Amino acid sequence: MNNEERKRSFSGVVSFRTRLIGVFAFSITVLILVFSGIVYFQLNRLILDEFDKMLHAAAARGFTGPPGRFISLRHFEHLLTSNSGIARAGTEYIFLARRDDTGRLFVSRNWPEELHPSSFTEKVPTDQEWKQALKSRKRPGVHEGWPGRMDSPQDRDDQNSSSFGSFRRGFRQGRGLFLEEDGLSSIDFGLSFRGYPERGPDRRTENHILIQEKKTVSAGGEEWWILEARSAGDTLFVGLGTKPLETRRKALIQIFIPAYLTALLLALATSVWLVSRALRPIRVITREAEAISTKGLKKRIAGRAYDKEFAHLINTFNEMLSRLEEGFGRSERFGATVAHQLRTPLTVLSSQIEREMLREDPSSDRLTVLAGLLDETDKLRRTTDQLLLLSRAESGSLVLLRENFSLSRETERLIEDLEAVSSGLRIRKDISPDVYARVDPVLFSNAVFNLLVNAEKHNDERREVSVRLDQRNGFIRLEVFNTGPVITPEEANRIFQYFYQQDQAHREQKEGLGLGLPIAREIVHAHGGELELVSSDSRGTTFAIELPIEN
Amino acid sequence: MPETTRSIANPEAVRASRVLLIEDDERIADSVCEALNHAGFQTEWVNTGDGGLEAARTGGFDLLVLDIVLPGLDGFQILGKLRESGSSTLILMLTSRDSLEDRVEGFRGGADDYLTKPFFTEELVVRVEALLRRASPSDSSGRIKNPAASIHAGNLSLDRLRREVKVEGRPVELTLREFDLLEYLMRAPGTVRPRAKIIKALWNYGMSSQDNILDVYIRRLRSRLSDAGASDIIETIRGVGYRVIVDDSKEG
């Protein structure tokens, strides 16, 4: 891994959460689709079965009553509507046609006009044929496969009209059609039937019913199911329009689609919730890990009742932190030790150089050498001081040498310094006079100057900085404002972390190590105050130091 | 460790204040003693804590310069014992930030001043002088040369208390830093002030402050002064530092 890779911060293309939600939602959708498909298929089959059963039940009931001929249409209709009749099949869209053993075809009132019997049964005899056949017959009803049919007496002369049509008309008009045979009058016959119990036992059981076939017939732009059943010489046609079937199917779909969409939405919501819940540990761990800066290495990620994987992750992370802490502790101690060890030699060096300089003649060339040495010694001292400050600040153990200190004057001085070392900066200042505080002059000035340098470093082409110092409500407040790029809320916490740089450009341009703000904050904290980012928007960024006034 | 006590007599300053230096490093002690003596003090040096306490109790010194890390008793203990026994001798502690820890406040209660290591001996001398001056403001017998509130160099005069600079009686507007710089240079007119010392005296806070900050201010100060009619008063000593030229033809 090269340096570039180490520095780069990675940002994923797609959020893992989004991806998980996608996978979840997709799976659930597929499941629902498959499931609803199966349910729809089954329900459809149930409907079909139900219709089929209805057909069969209607067939069974259609045979109720005595075998053989119907005395009249009324009789037939009565059978259809009686308790034992077709009405009990519980449907109004079942229609019946029954051909008795004389070949006559009785059709129920609700038989659809567009469905002509010829479309589902053999040739229906014309009235003429039927009359002929009836006359030549010895005993109607015995003859099987009678090709003829009966006709209404009113229509007997109507040779050209459709026999079926005329028959129907008769039926509709409720005219009775009855057999004229063996001298039996209709009344006699009718009378003889009067005593027939409506709910009497059917001499035929379903076992005697022979289901011939079920046809699907197209007529009048609609599909019809025709079930043909026979029993003891009677043929029953049970018809059923598939329109109701379609209607029910549509109703089914109409129920299914909203239900399906609701389920889908629910599934999506549930997956969002579940995934968020499942990923919450990751969020918490990330947040806590972010909070652990190099300074707060003592902290650990709190173990919670998370899943095993997360517990393992937390443990691994905490172990890493322990090693880091150890390492950092060592380097902190190292920094402090180095500073401590350099202290005496540096004092010796500078004091001896000073002595030599005192002894030297002012015009001597050696003075230049000695001054150069003194310069270097002092640079070394500054580096040492910085090392010590850094290691102290990082470990939160700054030592303060407090003095009564004029913050007003010092702030003015520091602003002047900022002007001296920067170019093109427009600095506005509003400094209340006579603000004093008991602070460590060196450290506090350092903090304020860091803040000023930060304001200069992160400025843009507007090049504006303004500083305000005042004292009120028991607090000394120093505000530093600068024009410059907006600090996002995510960055807001990180800028106070050690070695954090706002962006790559600044990292390369400026020599700063990203230590200014964290050190400044540490110094202010050591003084019992607070340094925070007040606001950052397109107008600019404001930091403020607040220091309680000691009594 | 053998105890050594050295008395450095300064014939020019017989009546000078007596200063005791308790410091275990001989090289530092040498330079410090020399610098203090050079400034007119009568300095004695002890290199152990116990010896230092003894000398401080019996020697009748005006001021103690006390290091913290010492063989035997350490600086804080000596301070504590002296203050317990009611001694009011002025005490200047030589500390370092890393050795103070929590004892800062306690030590501040007892010591009169402190100086953090590493320091310039010149700073130490200035502090000692200031302490002694503060302790005896009425005593202007000349034991300590009292720095004048007003300093003159050529046609330039500087009033430290009022923070005023005048060229031939006309006030010159200076910023805080410009005044600080001029004041520092004029503390010892005619003496070369090395860059390192100026920087430490004025910009001690800026641990990594830019080196050219001094040049910037010198330039500004010169321009201000020459505008006011006091040009060429600050002389650059190449490779060393700066000094304020004393014009002997003019009255100080």
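You'll find the structure just up there.
Residues numbered from 1 in each chain as written. Chains lettered and ligands numbered in written order. Predicted model: local features only at pLDDT ≥ 70, side-chain atom pairs only at ≥ 80, totals over all residues. Heavy atoms only, no water.

## Focus: the overall build of chain A
When its secondary structure is counted, chain A shows 14 helices and twelve strands. A separation threshold of at least 6 residues defines the contact pool for chain A, and within that pool the share at least 24 residues apart is 67%. With an accessible surface of roughly 29,200 Å², chain A has 55% of that area assigned to carbon and sulfur atoms. (Helix = DSSP H or I, 4+ residues; strand = E, 2+ residues; numbered from the N terminus. Contact = heavy atoms within 4.5 Å. Areas by Shrake-Rupley, 256 points an atom, 1.4 Å probe, with all protein chains shown as cover.)

## Points about the interface of chain B and chain A
In this complex, chain B contributes 52 residues to the contact, which on the side of chain A involves 52 residues. At the boundary of chain B with chain A, total buried surface from both sides reaches about 4,900 Å², with 56% on carbon and sulfur atoms. Summed over the shared surface of chain B and chain A, the result is five salt bridges. Note that K197 of chain B and E354 of chain A form a salt bridge whose closest N and O atoms lie 2.8 Å from each other. Inspection of the region where chain B meets chain A yields 18 residue pairs in polar contact (both at pLDDT 80 or more). Elements represented by at least two residues in the side of chain B that touches chain A include exactly α1 (26-38), α4 (97-100), α5 (104-110), β6 (113-116), α6 (121-135), α7 (176-186), α8 (195-202) and α9 (213-227) of chain B. No other element matches α1 of chain B, which puts six residues into the side of chain B that touches chain A. Along the lines of polarity and charge, the residues of the side of chain B that touches chain A split into 19 nonpolar, twelve polar and 21 charged. (Buried area = accessible area lost by both parts, 1.4 Å probe. Salt bridge = Lys/Arg side-chain N within 4 Å of Asp/Glu carboxyl O. Polar contact = N/O pair within 3.5 Å; in protein donor to acceptor, adjacent residues only side chain to side chain. Nonpolar A, V, L, I, M, F, W, Y, C, P; charged D, E, K, R; others polar.)

## Some details on the packing of helix α2 (residues 49-58) of chain B against helix α3 (residues 75-84) of chain B
Residue and element names in this part refer to chain B. As a packed pair, α2 and α3 sit with axes 10 Å apart at the nearest point and diverge in direction by 25°. Taken as axis vectors, α2 and α3 run roughly parallel relative to one another. The two elements α2 and α3 cross, and the hand of that crossing is right-handed. Contact with α2, carried on its side by G49, L53, A56 and R57, involves I78, K81 and L82 of α3 and no other residues of that element. When its residues are assigned to classes, the contact of α2 with α3 shows four nonpolar, one polar and two charged. (Axes fitted to C-alpha atoms, helices over the stretch in contact; angles between N-to-C directions. Parallel < 35°, antiparallel > 145°, perpendicular 65-115°, else oblique. Left-handed = near helix turned anticlockwise from the far one by under 90°.)

## Notes on the pairing of strand β4 (residues 63-67) of chain B
Residue and element names in this part refer to chain B. Counting buried positions along β4 yields five of five residues, so the element is predominantly enclosed. Residue alternation in β4 divides its side chains into two sets, L63, V65 and D67 and L64 and L66, and both sets are buried. Both strand β2 (residues 18-22) and β4 contribute to a ladder of four bridges, which runs parallel. The partner of L21 across the bridge, within β4, is V65. Where β4 lies against strand β5 (residues 90-95), five bridges are found, and the strand directions are parallel. Of the residues in β5, the one forming a bridge with V65 is L92. Read from β4 through α3 to β5, the crossover connection turns out right-handed. (Buried < 20%, exposed > 50% of the residue type's maximum accessible area, 1.4 Å probe, protein only. Pairing = 2+ DSSP bridges. Right-handed = clockwise from strand over helix to strand, strands pointing away.)

## Quick word on the pattern of salt bridges
Taken as a whole and judged by the stated rule, the model has 40 salt bridges over all chains. The shortest N-O distance in the salt bridge between R249 of chain A and E246 of chain A comes to 2.8 Å. Placement of the pair is R249 of chain A and E246 of chain A together in helix α7 (residues 243-291), with a separation of three residues, close to one helical turn. Across the salt bridge formed by R195 of chain B and D215 of chain B, the nearest N and O atoms sit 3.0 Å from each other. Residue R195 of chain B is found in helix α8, and its partner D215 of chain B is found in helix α9; the two are separated by 20 residues along the sequence. On the basis of relative accessible area, R195 of chain B is assigned to the buried category, the value being 17%. Take D215 of chain B: its relative accessible area is 26%, and that puts it in the partly exposed class. The network of salt bridges with common partners includes R413 and D417 of chain A together with R163, R177 and D180 of chain B.

## Here we look at the nonpolar core
What tends to happen in soluble globular proteins is that the nonpolar side chains get buried as a cluster. Formed by 78 residues in total, the largest nonpolar core has its most connected members in L407 of chain A together with L156, L181, L182, W203 and I234 of chain B. Ranked by residue count, the leading element in this core is helix α11 (residues 441-457) of chain A, at eight residues. Membership of the second largest hydrophobic core comes to 23 residues, among which are V348 of chain A together with V19, C33 and L92 of chain B. (Core = buried A, V, L, I, M, F, W, Y, C linked by side-chain atoms within 4.5 Å.)

## Section: the environment of E419 of chain A
By the element assignment, E419 of chain A lies in helix α10 (residues 407-421). A relative accessible area of 36% places E419 of chain A in the partly exposed class. Taking the C-alpha atoms as reference points, E419 of chain A and L452 of chain A, separated by 33 residues in sequence, lie 10.0 Å from one another. Apart from residues lying up to four places away in sequence, E419 of chain A is in contact with I427 of chain A together with R220 of chain B.

## Brief notes about the packing of aromatic side chains
Taken as a whole and judged by the stated rule, the model has four aromatic pairs over all chains. Residues F449 of chain A and Y205 of chain B carry aromatic rings whose centres are separated by 5.0 Å and whose planes lie at 70° to one another, so their mutual orientation is edge-to-face. Of the two residues, F449 of chain A is situated in helix α11 and Y205 of chain B in the loop between α8 and α9; the pairing between them involves two chains. Taking relative accessible area as the criterion, F449 of chain A reaches 8% and is therefore assigned buried. Summarising the aromatic geometry, the rings of F496 of chain A and F543 of chain A are spaced 6.1 Å apart at their centres and angled 85° between planes, so their arrangement reads as edge-to-face. Of this pair, F496 of chain A sits in the loop between α12 (489-494) and α13 (504-509) while F543 of chain A is found in strand β12 (residues 540-548), placing the two residues 47 residues apart along the sequence. In this structure F496 of chain A comes out as buried when scored by relative accessible area, which is 10%. You can call F543 of chain A buried: its relative accessible area is 2%. Its guanidinium or amino end placed over the ring of Y184 of chain B, R193 of chain B lies 4.4 Å from that ring's centre, counting from NZ or CZ. (Phe/Tyr/Trp six-rings, centres within 6.5 Å; stacked < 30°, edge-to-face > 60°. Lys NZ or Arg CZ within 6 Å of the ring centre and 35° of its normal.)

## Digging into the pairing of β5 of chain B
Most of β5 of chain B sits out of view: six of its six residues are buried. Of the two faces of β5 of chain B, both are covered, the one formed by L90, L92 and L94 of chain B as well as the one formed by I91, M93 and T95 of chain B.

## Some remarks on the environment of I226 of chain A
Residues and elements named next belong to chain A. Position of I226 relative to the elements: it lies in strand β4 (residues 222-231). Through-space distance from the C-alpha of I226 to that of G241 is 8.8 Å; in sequence the pair is 15 residues apart. Those residues in contact with I226 that sit more than four places away from it in its chain are W111, L115, F120, E213, K214, K215, V217, F237, V238 and G239.

## Some remarks on a positive patch on the surface
All names here are of chain A. Where like charges cluster on the molecular surface, the positive patch consists of R17, R277, R280, R283 and R287. It is α7 that provides the largest number of residues to the positive patch, a total of four residues. Examined against the element boundaries, R277 turns out to sit in helix α7. Classification of R277 as partly exposed rests on a relative accessible area of 46%. (Patch = residues over 30% accessible without salt bridge, like charges linked within 9 Å, V, L, I, M, F, W, Y side chains within 5 Å. Lys, Arg positive; Asp, Glu negative; His and termini not counted. Charge placed at Lys NZ, Arg CZ, Asp CG, Glu CD.)

Any functional reading would require information beyond the geometric quantities listed.
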